Amino acid sequence: STQSTWDNNCLISMSRTMIVFAVLACIILQGRMELSQNDEAKLDAQKTIPQYLNSYGYTFEEHKAITADGYILTLWRIPKKISEKRVSKPPVLLQHGVLDNGFSWLYKIINRNLATIMADLGYDVWIGNNRGTIQSLEHVDIKSFNWKGMSSAYWDFSFDEMGKYDFPAMVDYILDTTGYAKLSYIGHSQGTVQFFVKSILDPNYINQKIQSFIGLSPVLYVHNVPGLFEQILCWLPFIDILYSINFKNFWTYPMLLPLNAWILKTFPRIMPTIVQLIAGWTKNQTLDLDRMEMVGTNEPGGTSTQNLLHWLQLMRKGGFRMMDFGAENNRKKYGSETPPDYNVKKLSELKIPIFLMAGKADNIIGWNDLAALLKLLPKGYHFEEIADYGHLDYIWADDANIKIYPQMIQFVKQHLMK
């Protein structure tokens, strides 16, 4: 009888195991079957960013902006169509989120990307790449700040420095190059935090140089992040351990991009699954599986371990403050045992048009956190809730060009200098 029971349990376990493998195989095969033989997507995946844009008739330029602390940032520019004459156009800067890079604004079919749509409508489109991404790995002091060193001083930054240094370096470079006094700024996720940091440190700078601000998945407070994946990551010491052993580079490995591309080409269903796990589950699958190889060729952008730890500190303790280095190092850097809080009340001094968008399925947006942010802004801001949008859908969703871009473009147009 005991033997019979054991045999039955074995059969049940084996059956369950087979079912699990069958389900996993179906998911992978489904992804393979759904990947149509789209020649356009295949060709796009083999192109560099300049080749990609040029092949569809857009002029591409690469520029370098140097920050006050010596980081060299790569800016991409789409000033016009190749067939057009060069004329003065109002500049707009698109800024990516954490672990991302400027490619995120160019991932979709060419006429569905916000960057190319705005270029078609007569804007001088600039795309930023933050320090620590695969596109911006240079420094004026290459010996002391060599990104290839895992424990190099190059990686000693978080969004504190992105707001304090990267944001104004890019804005100033664009304005100097174009001759315009102001530009329109569109930020996604961490791209909004950079804006908020600079706004708190110097609201007059923002009022003088930013025409209008659009924030996609705007984040300031992250203590109530709803995503299960984010909550687990928050309480696991994984990032803390990496930081403690001086493993400073988090996922900035250009040499692995060919492998990424092969994996996503072979198993395209992997990416949407990961995206929904991290960014939020939506009812409709909005990522184009045909373009997963192109994603693998250009993503992830990467960042520093310190930057991720800074985010985790705010998730764990709440508030909005500078990076916590521990009592001893805080005394050296800040003159106190605790890091200073950002004076968020300074946000009320902003005098520019503000338009914020947040998706109901966004795993990063805690609605109590968002409400606290909105209370800090001056009256007159515009807010729009997007049904069934996760954290990346604002820029990656295949229907964003219909669902949200028209309102955004109208907002920018409405507030251009007369």
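This one's a predicted model, so the numbers in the text were calculated from it and none came from an experiment. (Residues numbered from 1 in each chain as written. Predicted model: local features only at pLDDT ≥ 70, side-chain atom pairs only at ≥ 80, totals over all residues. Heavy atoms only, no water.)

Enquirer: How should I be thinking about the overall build of the chain in this particular structure?
Expert: A tally of regular secondary structure across the chain gives 18 helices and 11 strands. The C-alpha radius of gyration computed for the chain amounts to 23 Å, which stays within 12% of the reference 22 Å derived for 418 residues, consistent with globular compactness. With the principal axes as the frame, the chain shows a C-alpha extent of 85 × 60 × 45 Å. Sorting the 418 residues of the chain into buried and exposed places 53% on the buried side. (Helix = DSSP H or I, 4+ residues; strand = E, 2+ residues; numbered from the N terminus. Rg over C-alpha atoms; globule rule 2.2 N^0.38 Å. Buried < 20%, exposed > 50% of the residue type's maximum accessible area, 1.4 Å probe, protein only.)

Enquirer: Is there a simple way to explain the nonpolar core in this structure?
Expert: As a rule of thumb, soluble globular proteins bury nonpolar side chains together. With 112 residues, the main nonpolar core has Val125, Ile186, Phe195, Phe320 and Met408 as its most contacted residues. Per-element tally for this core: the top contributor is helix α5 (residues 159-178), with seven residues. Among residues more than four places away in sequence, those in contact with Phe195 are Phe167, Tyr185, Ile206, Ile210, Phe213, Leu350 and Ile352. (Core = buried A, V, L, I, M, F, W, Y, C linked by side-chain atoms within 4.5 Å. Contact = heavy atoms within 4.5 Å.)

Enquirer: Just to check I follow, could you spell out empty space enclosed by the protein for this structure?
Expert: The gaps left among the atoms become clear once a water-sized probe is rolled over them. In the structure shown here, the tally under the stated rule is two cavities of 30 Å³ or more. Here the largest cavity defines a volume of roughly 80 Å³. Around the largest cavity, the lining comprises 13 residues; the ones closest to its centre are Val275, Gln276, Gly280, Thr282 and Asp393. The element best represented in the lining of the largest cavity is helix α11 (residues 270-279), accounting for three residues. When its volume is computed, the second largest cavity comes out at roughly 40 Å³. Looking at the second largest cavity, the residues that line it are Pro218, Val219, Leu220, Tyr221, Ile364, Ile365, Gly366, Asp369, Leu370 and Leu373. Within the lining of the second largest cavity, the residues separate by chemical class into eight nonpolar, one polar and one charged. (1 Å grid on protein atoms, 1.4 Å probe; cavity = no way out; pocket = protein on both sides within 12 Å on 5 of 7 lines; lining within 4 Å. Points joined across faces, edges and corners; volume = space filled by probe spheres on them. Nonpolar A, V, L, I, M, F, W, Y, C, P; charged D, E, K, R; others polar.)

Enquirer: When you look at the packing of α5 against helix α6 (residues 190-201) in this model, what are you seeing that I'm missing?
Expert: Taken N-terminus to C-terminus, the directions of α5 and α6 make an angle of 85°; their axes are 8 Å apart at the nearest point. Considering their axes alone, α5 and α6 lie roughly perpendicular with respect to each other. Residues Phe159, Asp160, Met162, Gly163, Lys164, Asp166, Phe167, Pro168 and Met170 of α5 form the contact with α6, whose own contacting residues are Gln190, Val193, Gln194, Phe195, Val197, Lys198 and Leu201. Here the residues of the contact of α5 with α6 sort into nine nonpolar, three polar and four charged. (Axes fitted to C-alpha atoms, helices over the stretch in contact; angles between N-to-C directions. Parallel < 35°, antiparallel > 145°, perpendicular 65-115°, else oblique.)

Enquirer: What is the right way to read the pattern of salt bridges from this model?
Expert: Opposite charge on two side chains permits them to pair, given that their charged atoms come into close proximity. Considering all chains together, one arrives at 20 salt bridges under this definition. We note a salt bridge from Arg131 to Asp69, for which the minimum N-O separation is 2.9 Å. Here Arg131, found in the loop between β4 (124-128) and β5 (138-139), pairs with Asp69, found in the loop between β1 (61-66) and β2 (71-78); they are 62 residues apart in sequence, far enough to count as distant. By relative accessible area, Asp69 is classed as partly exposed at 24%. The residue Asp166 makes a salt bridge to Arg131 at a minimum N-O spacing of 2.7 Å. Taken together, the positions of Asp166 in helix α5 and Arg131 in the loop between β4 and β5 put the pair 35 residues apart, joining distant regions of the chain. The residues Asp166 and Arg131 share a single accessibility class, namely buried. One salt-bridge network, held together by shared partners, links Glu61, Arg77, Arg86 and Asp124. (Salt bridge = Lys/Arg side-chain N within 4 Å of Asp/Glu carboxyl O.)

Enquirer: Sorry if this is basic, but what is going on with the environment of Leu312 here?
Expert: For Leu312, the position within the fold is in helix α13 (residues 305-317). Its relative accessible area of 3% is what places Leu312 among the buried residues. On a C-alpha basis, the gap between Leu312 and Leu233 in space is 8.3 Å, while along the polypeptide they are 79 residues apart. Those residues within four positions of Leu312 in sequence are excluded, and the remaining contacts are Leu233, Cys234 and Ile239.

Enquirer: Hey, could you run me through the environment of Thr177 in this one?
Expert: Mapping Thr177 onto the fold places it in helix α5. Sequence spacing of Thr177 and Leu308 is 131 residues, and the spatial spacing of their C-alpha atoms is 33 Å. Sequence-distant contacts of Thr177, that is, excluding residues within four places in its chain, are made with His63, Arg77 and Trp126. Within the structure, the side chain of Thr177 is placed 2.8 Å from the backbone oxygen of Tyr173, a separation counted as a polar contact. (Polar contact = N/O pair within 3.5 Å; in protein donor to acceptor, adjacent residues only side chain to side chain.)

Enquirer: It is not clear to me how the side chain of Ser212 should be interpreted in this structure. Could you clarify?
Expert: You can see Ser212 is positioned in strand β7 (residues 210-216). Leaving out residues up to four positions away in the same chain, Ser212 has contacts with Leu183, Ser184, Tyr185, Ile352, Pro353, Phe411, Val412 and His415.

Enquirer: What's the story with the pairing of strand β6 (residues 183-188) in this structure? I'm lost.
Expert: Consecutive residues of a regular strand have side chains that alternate between opposite faces of the sheet. Within β6, six of the six residues are buried, which leaves the element mostly enclosed by the surrounding structure. Across the two faces of β6 the burial is the same, with Leu183, Tyr185 and Gly187 and Ser184, Ile186 and His188 all buried. Where strand β3 (residues 91-95) lies against β6, four bridges are found, and the strand directions are parallel. Its bridge partner being in β6, Val92 is matched across the sheet by Ser184. Bridge count between β6 and β7: six bridges; the pairing is parallel. Following the sheet pairing, Leu183 is matched in β7 by Ile210. (Pairing = 2+ DSSP bridges.)

Enquirer: Help me out: how do you make sense of the layout of surface pockets in this one?
Expert: Estimated volume of the largest pocket: approximately 1100 Å³. Lining the largest pocket are 36 residues, and of these Val98, Leu99, Phe229, Trp251 and Ile278 lie nearest its centre. For the lining of the largest pocket, the elements supplying multiple residues, two or more each, are α8 (228-235), α9 (238-244), α10 (257-266), α11 and α13. Among the elements that line the lining of the largest pocket, the one with the most residues is α11, at six residues. A class-by-class count of the residues in the lining of the largest pocket yields 28 nonpolar, five polar and three charged.

Enquirer: How should I be thinking about a nonpolar patch on the surface in this particular structure?
Expert: Together, Phe229, Met255, Leu256, Leu259, Trp262, Ile263, Ile270, Ile274, Leu277, Ile278 and Trp281 line one region of the surface with nonpolar side chains, adding up to about 1000 Å² of accessible area. Counting residues per element, the ones that place at least two in the nonpolar patch are α10 and α11. No other element matches the four residues that α11 contributes to the nonpolar patch. In this fold, Met255 is placed in the loop between β8 (249-250) and α10. A relative accessible area of 55% means that Met255 is categorised as exposed. (Patch = residues over 30% accessible without salt bridge, like charges linked within 9 Å, V, L, I, M, F, W, Y side chains within 5 Å. Areas by Shrake-Rupley, 256 points an atom, 1.4 Å probe, with all protein chains shown as cover.)

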